[in-house]
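# Chains, contacts and geometry: an overview
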Amino acid sequence: MNIKYRRLDISECLKIREIDASQYIGQAWREVDGKRQLVKIDYYEPDLPNGFDAHLSKLIETVNSGGVVLGAFHDMRLVGYCSANSIVFGKKYKYVLLDQFYISKNFRNKGIGKRLFFMAADKSKENGAEKFYICAGSSEETIAFYYAIGCKEAMEINEELFQSDARDMQLEYDFRKL
């Protein structure tokens, strides 16, 4: 499969509409009686959570603020994208938020997400960050992906991000491994 990877510019942000972000979630990680475990939720997410406009607005903000926005293209069509903010935060570590990360349904499990993730990590490291902070959707598949590429539970919890969706798992990826 011929996939081209590159930075997205502001004029290309609308191309995120080409992404089929739909996902069936059979099980997700939840806190039950003080213990994290997989629970059946049997849920279908038909599109980008919170809608296209919310994602587009955040993506444009990331581009304009000097963050990292990378795309994967197949035959000129955007099939995946990844964005990391430029704002560094954290008390002990220099985190940047891995803000958006989507691969079209028919292009998942082909290494595209892994490549985008590590390209964004390299760029964020060049910009002075030490780690990604990831508010990961809690589906079984999403968390398995992050753990498989070396992410772990965040050493420092950003309370504002945690409170935005307490169902998300707060993960990190340490760039110093690169």
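Structure: see above.
A brief structural summary. Because the structure is predicted, anything quoted here is derived from the model rather than measured.

## A word on the sheet that holds strand β5 (residues 77-84)
Spatially, seven strands are ordered β1-β4-β5-β6-β7-β9-β8 in an open sheet, and the strand pairing comes out mixed. Where the open sheet ends on each side, the last strands, each with one partner, are β1 (4-7) and β8 (152-153). Both β1 and strand β4 (residues 68-74) contribute to a ladder of four bridges, which runs antiparallel. By the bridge assignment for β4, K4 is matched with F73.

## Observations concerning the environment of D99
Tracing the backbone shows D99 in strand β6 (residues 95-103). The spatial distance from the C-alpha of D99 to the C-alpha of E12 is 17 Å, given a sequence separation of 87 residues.

## Topic: the nonpolar core
I112, L116, F117, F132, I134 and Y146 are the most contacted members of the largest nonpolar core, which has 30 residues in total. When residues of this core are traced back to their parent elements, those giving at least two are β4, β5, β6, α2 (112-126), β7 (131-136), α3 (140-148) and β9 (169-174). Setting aside residues up to four positions removed in sequence, I112 forms contacts with I3, Y5, A72, V79, I103 and F107.

## A look at unusual backbone geometry
Unlike most non-glycine residues, N50 shows phi in positive territory, near 70 degrees. Here N50 shows up in the loop between β3 (35-45) and α1 (52-64). We note that N109 has phi near 65 degrees; this positive angle belongs to a residue other than glycine. For N109, the location among the structural elements is in the loop between β6 and α2. Residue N109 is classed as exposed on the basis of its relative accessible area, which comes to 83%.

## Thoughts on the pairing of β5
For β5, a buried count of seven out of eight residues is recorded, marking the element as mostly surrounded by other parts of the structure. Here β4 runs beside β5; their pairing, made up of seven bridges, is antiparallel. Each bridged residue has a counterpart across the sheet, and for H74 the counterpart in β5 is R77. Hairpin remark: β4 followed by β5, antiparallel, with two residues in the connecting loop; positive phi at D75, about 50 degrees. Pairing geometry for β5 and β6, over five bridges, is antiparallel. Pairing of C82 across the sheet is with F101, part of β6.

## A closer look at the pattern of salt bridges
For the structure shown, the criterion picks out eight salt bridges. With a closest N to O distance of 2.9 Å, E18 and K15 form a salt bridge. In this structure K15 comes out as partly exposed when scored by relative accessible area, which is 22%.

## Overview of the state of the cysteines
Chemically, a disulfide is nothing more than a covalent bond linking the sulfur atoms of two cysteines. Summed over the entire model, instances satisfying the criterion amount to zero disulfides. C82 supplies the cysteine sulfur nearest to C13, a cysteine that is in no disulfide, at a spacing of 13 Å. Lacking any disulfide linkage, C82 is separated from the closest cysteine sulfur, that of C151, by 11 Å.

Reading guide: rules and limits
- Residues numbered from 1 in each chain as written.
- Predicted model: local features only at pLDDT ≥ 70, side-chain atom pairs only at ≥ 80, totals over all residues.
- Heavy atoms only, no water.
- Pairing = 2+ DSSP bridges.
- Helix = DSSP H or I, 4+ residues; strand = E, 2+ residues; numbered from the N terminus.
- Core = buried A, V, L, I, M, F, W, Y, C linked by side-chain atoms within 4.5 Å.
- Buried < 20%, exposed > 50% of the residue type's maximum accessible area, 1.4 Å probe, protein only.
- Contact = heavy atoms within 4.5 Å.
- Salt bridge = Lys/Arg side-chain N within 4 Å of Asp/Glu carboxyl O.
- Disulfide = S-S within 2.5 Å.

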